[in-house]
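Fold and geometry: a report
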Amino acid sequence: MDTRFCRSHADHYARHGSPYRASYRAQEINPYRVTALAWLEANQRDTYVANAVDRVATLLRAAGPHVEAFRLRGLSPQERANAAWARLRKASIDPRRVVAAWLAVEMIVRDDPQAERRAEFKQVQAAKLVHRMASGTHKRWGEGPTATELHVYPRPRGRVLRHMGEALENACELLVEHRLSDLCKRSQN
């Protein structure tokens, strides 16, 4: 039971990281993701870029074993977050794409005149982007028209997103602190 918000605002808060502000749509954030990824590739030898990419790669390696999406029930939010990192590892997602997601959220929040400025909102927005990169488990049994398929997608909400976002923020904090202004200047040119 939430003592601060009604049911609909509490659900909104769990899904988006803010009880009032909705998540950024893909068409709004994708240009920032493309810009951030191009900047990361152009500056891959930079110490702070390499540090952020290495820290995300460490998150992926240290996530533990891969857990199928249909086996997540009963796990704690931290274990579910680790399972999400393990899904990214299994899908061979480039750590630079994960760092680019965080930078894209930082840039869009900076450019948005009505942005939610709380750290939790940014963490949830970045975690939602990362969660979609390798979401779900897909199984197929048999062949032909009688084949049975199972597609399960874990819901991106609640404490899982907060754990993922916090870990991602910690991995990228030095890069944001020292290079975000440079990235924002170049993206406006």
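Above this text sits the structure in question.
Summary of the structure given here. Note that the coordinates shown come from a computational prediction; the quantities given were computed from them, not determined experimentally.

Looking at the element boundaries, cysteine 172 is found in helix 7 (residues 159-188). Residue class for cysteine 172 comes out buried when judged on its relative accessible area of 0%. In this structure the C-alpha to C-alpha distance between cysteine 172 and alanine 119, which are 53 residues apart in sequence, comes to 13 Å. Residues in contact with cysteine 172, not counting those within four places in the same chain, are Ala52, Val99 and Trp102.

With the rule as written, the count across this model stands at one cavity of 30 Å³ or more. One number sums up the size of the largest cavity: a volume of about 40 Å³. A total of four residues in the lining of the largest cavity trace back to one element, the largest contributor, which is helix 6 (residues 119-133). A class-by-class count of the residues in the lining of the largest cavity yields three nonpolar, two polar and two charged.

What counts, and at which threshold
- Residues numbered from 1 in each chain as written.
- Predicted model: local features only at pLDDT ≥ 70, side-chain atom pairs only at ≥ 80, totals over all residues.
- Heavy atoms only, no water.
- Helix = DSSP H or I, 4+ residues; strand = E, 2+ residues; numbered from the N terminus.
- Buried < 20%, exposed > 50% of the residue type's maximum accessible area, 1.4 Å probe, protein only.
- Contact = heavy atoms within 4.5 Å.
- 1 Å grid on protein atoms, 1.4 Å probe; cavity = no way out; pocket = protein on both sides within 12 Å on 5 of 7 lines; lining within 4 Å.
- Points joined across faces, edges and corners; volume = space filled by probe spheres on them.
- Nonpolar A, V, L, I, M, F, W, Y, C, P; charged D, E, K, R; others polar.

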